[in-house]
Amino acid sequence: MNIGERIEKIGIVPVVKIEEIGDALPLADAMAKGAPQHVTLAAEITFRTAHALAAIEAIASSRPEILVGAGTVTSADQAKSAIDAGAKFIVGPGLSGAVAKVCRDRNTLYLPGCVTPTEIIAAMDEGIDTVKFFPASVYGGLKAIKALSAPFTAVRFLPTGGVNATNLAEYLSFDRIVACGGSWMVESSLVREKKFDVVESLCREASEIVKSVRG
């Protein structure tokens, strides 16, 4: 099973912002406890803080059962560093040809942000068939994804931005959606206040939603 297939099986990708490196492993453990035992957890560690790279390395090396990816990747150097640190997939807010090349060369899944037909065609030109639809709520949500799916029959989507427990099932019910990303399970305030029990509960709730839709 390749990385894309593993992400699809998991169904959700928490989008994580690590402000203190000491929170990385407790947060990873909380997310893992909230995931079904038969499903490996995925987590996207975003390059929005100075601790992103260290967090990726810590989780990848100490919690190998967790499928760790790097998010908010906008340059080739970030992609190289993230992969060297143990990231198994790369996510970007937009499409970068330079990042796409690094990921091709390193045999790493790249999920670039694409929301227009032109951006999707550019991704396809890079050999990419699964894109991040971000920010989903701003660009039309599920309705827009369904419309884009009509002309792009070989493309699949990972919506992020505005996805939460109230609409997760609706998104996942559309067969062209691989998985959904979101930060509602791992809000920065919860991490700062060390409310890892709440993170565990929210991840469990999300996992149950995935199970109810996909079995």
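Just so we're clear, the structure is a prediction, and the values are computed from it rather than from any experiment.

Enquirer: For this particular structure, what's the right way to read the overall build of the chain?
Expert: Counting its secondary structure elements, the chain contains 10 helices and eight strands. In summary, the chain has a C-alpha radius of gyration of 16 Å against a globular reference of 17 Å for 215 residues, a match within 12%. Counting only C-alpha atoms, the chain reaches 45 × 40 × 30 Å along its principal axes. The proportion of buried residues among the 215 residues of the chain is 50%. Taking the intrachain contacts of the chain between residues at least 6 apart in sequence as the baseline, contacts between residues at least 24 apart amount to 58%. Charge centroids of the chain, computed over 22 positive and 24 negative side chains, lie 2 Å from each other.

Enquirer: I keep staring at the packing of helix α3 (residues 52-62) against helix α4 (residues 76-85) and nothing clicks. Help me out?
Expert: Packed helices, taken two at a time, are described by the angle their axes make and the gap between the axes. Direction vectors running N to C along α3 and α4 enclose 25°, while the axes themselves pass 8 Å from each other. In terms of orientation, α3 and α4 fall into the roughly parallel class. Of the two elements, α3 crosses α4, and the hand of that crossing is right-handed. Residues L53, I56, E57 and A60 of α3 touch α4, and the partners they reach there are S81, A82 and A85. Considered class by class, the residues forming the contact of α3 with α4 number five nonpolar, one polar and one charged.

Enquirer: Mind showing me how you'd approach the nonpolar core here?
Expert: Buried together is how nonpolar side chains tend to be arranged in soluble globular proteins. Judged by nonpolar contacts, the single largest core of 76 residues is most densely connected at I7, L27, M31, I45, I56, I90 and L168. Considering each element in turn, this core owes the most residues, six residues, to helix α10 (residues 196-214). Filtering out sequence-adjacent residues up to four positions away, I56 remains in contact with I45, F47, V68, G69, A70, A82, A85, G86 and A87.

Enquirer: Got a minute to help me understand the pairing of strand β7 (residues 156-159) in this structure?
Expert: In summary, the side chains of a regular strand alternate between the two faces of the sheet. Alignment of strand β6 (residues 130-133) against β7, held across four bridges, turns out to be parallel. Within β7, the residue paired with V131 across the bridge is F157. For the handedness criterion, the β-α-β arrangement of β6, helix α7 (residues 141-149) and β7 is classed as right-handed.

Enquirer: Can you walk me through the pattern of salt bridges in this structure?
Expert: Once the charged atoms of two side chains with opposite charge are near each other, the side chains can pair. In the structure shown here, the tally under the stated rule is 12 salt bridges. Two residues, E200 and R204, come together in a salt bridge whose shortest N-O distance is 2.8 Å. Taken as a pair, E200 and R204 lie in helix α10 at a separation of four residues, close to a single helical turn. Each of the salt bridges in this network shares a partner with another, and the network as a whole consists of K17, E19 and R192.

Enquirer: Would you mind going over the sheet that holds strand β2 (residues 42-46) with me for this structure?
Expert: Paired through backbone hydrogen bonds, the strands of a sheet run either parallel or antiparallel to each other. If you trace the six strands from one edge of the open sheet to the other, you get β5-β4-β3-β2-β1-β8, paired in parallel fashion. Across the chains shown, the open sheet's two edge strands, defined by having one partner strand only, are β5 (109-111) and β8 (180-182). Across this sheet, the average inter-strand angle for adjacent strands is 25°, counted without regard to direction. Sheet analysis places strand β1 (residues 12-16) next to β8, joined by three bridges and oriented parallel. Looking across to β8, one finds that V13 is bridged to G181.

Enquirer: I'm lost on the environment of P14 in this one. Help?
Expert: By the secondary structure assignment, P14 is in strand β1. Not counting chain neighbours up to four residues away, the residues in contact with P14 comprise M31, L41, A42, A43, E44, G182, M185 and V186.

Criteria and thresholds
Residues numbered from 1 in each chain as written. Predicted model: local features only at pLDDT ≥ 70, side-chain atom pairs only at ≥ 80, totals over all residues. Heavy atoms only, no water. Helix = DSSP H or I, 4+ residues; strand = E, 2+ residues; numbered from the N terminus. Rg over C-alpha atoms; globule rule 2.2 N^0.38 Å. Buried < 20%, exposed > 50% of the residue type's maximum accessible area, 1.4 Å probe, protein only. Contact = heavy atoms within 4.5 Å. Lys, Arg positive; Asp, Glu negative; His and termini not counted. Charge placed at Lys NZ, Arg CZ, Asp CG, Glu CD. Axes fitted to C-alpha atoms, helices over the stretch in contact; angles between N-to-C directions. Parallel < 35°, antiparallel > 145°, perpendicular 65-115°, else oblique. Left-handed = near helix turned anticlockwise from the far one by under 90°. Nonpolar A, V, L, I, M, F, W, Y, C, P; charged D, E, K, R; others polar. Core = buried A, V, L, I, M, F, W, Y, C linked by side-chain atoms within 4.5 Å. Pairing = 2+ DSSP bridges. Right-handed = clockwise from strand over helix to strand, strands pointing away. Salt bridge = Lys/Arg side-chain N within 4 Å of Asp/Glu carboxyl O.

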